[in-house]
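Secondary and tertiary structure notes
Here is what each chain is made of, one letter per residue.
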Amino acid sequence: MQIETSFLPITLFILGILLFVTGITTTVVFSRRIQQLKEEHQQKIEKDTKQYIQMLETSYENLKRSKHDFKNTLLSLEYLSQKNNYDKVYDAINEILDSQLLTTRSNEHKLI
């Protein structure tokens, strides 16, 4: 019985060291995993931001193109109205309205 009790402090000491090492190892592993998750999250945010900026740039270019086309159409209508060619003015306005209706419908699908 005396031999068993003499090993008890040594056993407790070794157990304490094992628990300490296990705790430190677990802390290091979890901190590395947390850092990895933060980096992955940051990369996803950067990727999403780049996609969003690209989408905005494309939309801006489309808007500029549409504005240019619309200005040209108005100039054409002005010219036709000066020449008293109202049938062509009417046809051009209907064509614009039809194209705007199609554009509006296609944009509605994009927003949904």
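First, a word on what this report is: a plain description of the structure on this page. (Residues numbered from 1 in each chain as written. Predicted model: local features only at pLDDT ≥ 70, side-chain atom pairs only at ≥ 80, totals over all residues. Heavy atoms only, no water.)

1. Section: the overall build of the protein
The helix and strand tally for the protein stands at two helices and zero strands. When burial is assessed residue by residue, the protein has 4% of its 112 residues classed as buried. Only carbon and sulfur atoms are counted for the fraction: they give 63% of the accessible area of the protein, which is about 10,700 Å². (Helix = DSSP H or I, 4+ residues; strand = E, 2+ residues; numbered from the N terminus. Buried < 20%, exposed > 50% of the residue type's maximum accessible area, 1.4 Å probe, protein only. Areas by Shrake-Rupley, 256 points an atom, 1.4 Å probe, with all protein chains shown as cover.)

2. A closer look at the pattern of salt bridges
Scanning the entire structure with this criterion turns up two salt bridges. Taking the shortest distance from any N to any O, the salt bridge between K44 and D48 comes out at 2.9 Å. Note that K44 and D48 are positioned in helix 1 (residues 2-82) at a spacing of four residues, about one turn of the helix. Exposure remark for K44: the relative accessible area of 52% places this residue in the exposed category. Here K64 makes a salt bridge to E61, at a shortest N to O gap of 3.8 Å. Of the two residues, K64 and E61 both sit in helix 1, three residues apart, roughly one turn of that helix. Since its relative accessible area comes to 38%, E61 is described here as partly exposed. (Salt bridge = Lys/Arg side-chain N within 4 Å of Asp/Glu carboxyl O.)

The values are spatial; any link to function lies outside them.
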